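# Descriptive structure summary
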Amino acid sequence: MSRTILPGATLGMLGSGQLGRMFAVAAKRLGYRVHVFSPDKDSPTGQIADLEVQANYDDLDAVAAFAQDVDVVSYEFENVPVDMLETVERYAPVYPGGHVLHTAQHRIREKTFLQSAGIPVTPFHAIHSAEDLQKIGNADVPGVLKTATLGYDGKGQIKIESVDELKAAWQELNCDEAVLERWVDFDSELSVVAARGHDGTTEFYGPIANSHSNHILDISVTPTGLPESVANEAIEIARTIMTELNVVGVLCVEFFLASNGKLLVNELAPRPHNSGHLTVDAHVTCQFEQQVRAICGLPLGATTQPRPSAMANLLGDLWQNGEPDWERAIAVSDLKLHLYGKQEARVGRKMGHLTVMADTPDEAAKKARAAREALVNNSPS
Ligand code: AMP
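The present account deals with the structure reproduced in this document. (Residues numbered from 1 in each chain as written. Predicted model: local features only at pLDDT ≥ 70, side-chain atom pairs only at ≥ 80, totals over all residues. Heavy atoms only, no water.)

### Details of the nonpolar core
One finds Ile 241, Leu 251, Phe 255, Val 265 and Leu 268 to be the most contacted residues of the largest nonpolar core, which totals 30 residues. Every element with two or more residues in this core is listed here: α5 (107–116), β5 (124–127), β9 (186–196), α7 (228–244), β12 (249–258) and β13 (263–269). When residues in this core are grouped by element, the largest group, seven residues, is from α7. Both domains that furnish three or more residues to this core are identified here as domain 2 (123–182) and domain 3 (186–375). (Core = buried A, V, L, I, M, F, W, Y, C linked by side-chain atoms within 4.5 Å. Buried < 20%, exposed > 50% of the residue type's maximum accessible area, 1.4 Å probe, protein only. Helix = DSSP H or I, 4+ residues; strand = E, 2+ residues; numbered from the N terminus. Domains from an automatic or database assignment.)

### Observations concerning the site of the ligand
Lining the immediate environment of the ligand, one finds 17 residues, of which Lys 146, Glu 181, Val 184, Glu 189 and Glu 267 sit closest. Taking Gln 157, its side chain carries an N or O atom lying 3.0 Å from an oxygen atom of the ligand. Within the side chain of Glu 181, one N or O atom sits 2.9 Å away from a nitrogen atom of the ligand. For the ligand, the protein covers 95% of the area, taking 480 Å² as the surface of the free molecule. Mapped onto the shell around the ligand, the elements with two or more residues apiece are β6 (143–147), β8 (178–182), β9 and β13. (Near = heavy atom within 4 Å. Polar contact = N/O pair within 3.5 Å; in protein donor to acceptor, adjacent residues only side chain to side chain. Areas by Shrake-Rupley, 256 points an atom, 1.4 Å probe, with all protein chains shown as cover.)

### Overview of α5
Arg 107, Ile 108, Glu 110, Lys 111, Phe 113 and Leu 114 are the residues of α5 that are buried. Of the residues flanking the end of α5, it is Gly 118, one or two places downstream, whose phi is positive at about 75 degrees.

### Some remarks on unusual backbone geometry
A cis geometry characterises the amide bond from Val 141 onward to Pro 142, with omega recorded as 0 degrees. Here Pro 142 lies in the loop between β5 and β6. Cis rather than trans, the peptide bond between Thr 222 and Pro 223 has omega equal to 5 degrees. Along the chain, the position of Pro 223 falls in the loop between β11 (216–222) and α7. Here Asn 174, not a glycine, exhibits a phi torsion of approximately 50 degrees, which is positive. The residue His 215 is not glycine, and still its phi comes out positive at about 70 degrees.

### Thoughts on a negative patch on the surface
Together, Asp 58, Asp 59, Asp 61, Asp 83, Glu 86 and Glu 89 give the surface a local cluster of negative charge. Take the negative patch: its biggest share by element is three residues, from helix α3 (residues 82–89). Along the polypeptide, Glu 89 turns up in helix α3. Relative accessible area serves as the criterion here: at 39%, Glu 89 is assigned to the partly exposed category. (Patch = residues over 30% accessible without salt bridge, like charges linked within 9 Å, V, L, I, M, F, W, Y side chains within 5 Å. Salt bridge = Lys/Arg side-chain N within 4 Å of Asp/Glu carboxyl O. Lys, Arg positive; Asp, Glu negative; His and termini not counted. Charge placed at Lys NZ, Arg CZ, Asp CG, Glu CD.)

### Section: the sheet that holds β9
Note on sheets: strands pair through backbone hydrogen bonds, and any given pair is parallel or antiparallel. Strand order in the open sheet formed by eight strands is β13-β12-β9-β10-β11-β14-β16-β15, and the pairing between neighbours is antiparallel. Both edges of this open sheet fall to β13 and β15 (335–339), since each of them pairs with a single strand only. Taking each pair of neighbouring strands and ignoring which way they run, the sheet shows an average axis angle of 25 degrees. Bridge analysis of β12 against β13 gives six bridges, and the strand direction is antiparallel. (Pairing = 2+ DSSP bridges. Axes fitted to C-alpha atoms, helices over the stretch in contact; angles between N-to-C directions.)

### Some points on the packing of helix α1 (residues 18–29) against helix α9 (residues 287–296)
Relative to each other, α1 and α9 sit at 65 degrees, their axes nearing to 8 Å. Taken together, the axis directions place α1 and α9 in an arrangement best described as roughly perpendicular. In this structure, α1 meets α9 at a crossing whose hand is right-handed. Together, Leu 19, Met 22, Phe 23, Ala 26, Ala 27 and Arg 29 of α1 and Phe 288, Glu 289, Gln 291, Val 292 and Ile 295 of α9 make up the contact between the two elements. Partitioned by chemical class, the residues of the contact of α1 with α9 number eight nonpolar, one polar and two charged. (Parallel < 35°, antiparallel > 145°, perpendicular 65-115°, else oblique. Left-handed = near helix turned anticlockwise from the far one by under 90°. Contact = heavy atoms within 4.5 Å. Nonpolar A, V, L, I, M, F, W, Y, C, P; charged D, E, K, R; others polar.)

### Focus on the packing of aromatic side chains
All chains considered together, the criterion is met by five aromatic pairs. A ring pair is formed by Phe 37 and Phe 66, whose centres lie 5.5 Å apart and whose planes are at 80 degrees; its orientation type is edge-to-face. In this pair, Phe 37 sits in strand β2 (residues 33–38) while Phe 66 sits in helix α2 (residues 60–68), placing the two residues 29 residues apart along the sequence. Phe 66 sits in the buried class, given a relative accessible area of 3%. Feature note: the residues Phe 37, Tyr 57, Phe 66 and Phe 77 constitute an aromatic cluster, connected by ring pairs. Here the guanidinium or amino end of Lys 111 rests over the ring plane of Phe 124, the centre of that ring lying 5.5 Å away. (Phe/Tyr/Trp six-rings, centres within 6.5 Å; stacked < 30°, edge-to-face > 60°. Lys NZ or Arg CZ within 6 Å of the ring centre and 35° of its normal.)

Shown next as structure tokens:
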């Protein structure tokens, strides 16, 4: 039986971007100390944490020293290297556990697990070598070839219109293993952010409706207005995943709602998720506080949402004409601005987000878009 880790203890975070930053804010509010392991100095998480240990992920001596100084560890990215994880585990418990990372780090393992749990996934073929390309037929395309590991935000994947394009795509991806997924004709993309405690209790956010631009999340809205049967099914799928994988912590399930009305799981992220950022302002307990509570063995908090809400990502593109006009965003009532403290605004880089609360989900989405447009310096007033 794992012990409860009470406020005053020190929590370790592997990775130092915006997810670690918001975890650190939630942890500090609850009275914990936070140490972050960061490859960079003055990172988004390091600016909030009590201690930023700056070292590379393959510096296992630094990893060991870091782990000896903390009571429990979580992470903000799923590509934590295996030897880093094993080193941490020698000194401190890590949540979600190594078995969850092992599954979620690899698309073939992830899909195989989901299928074995009876959960519908996008139809796929596992590709372990060039020979495996031979078994792909016309019924499998159009599709998308995705690297088994290290892909995110549309990186490491190539759309295939016909079987003829497969060989070139495989060569271009230049990886050891991949999956070929059938292209899904979907009505919408949804996510459920789930939390599970040491005692097996669960809490859920969503489903949340997500729209993407250039493969990067653009807007999230909840509630979705979908039939209750669909919402309940999405939550039940998330519950099954949390239980079957024995997750302690927070995990996001991403879905396609196919045009035939069927829910298909696209992928899992064993950590808080960009689509859950709106929970910081819109829900009684946010996804980051839930992560703190879950890994510390505290009871989970309520996920009640008083008002509809929408979140719009702020990418580096917004800085192209200079610093965005923050006063305009702040002037919108029911709007919360979040900036991640990143120094360099590159195109496509997640720099912050804004969350809006309103009387209806549509109104919230409309206000979030309008507020973001108004940020661009030369936009008409
Ligand atoms: P992923 O990295 O797998 O989450 O994919 C990024 C985005 O690409 C998704 O959010 C979808 O918008 C799109 N996408 C990925 N796989 C498929 C698919 N099999 N069918 C249709 N769209 C897809």
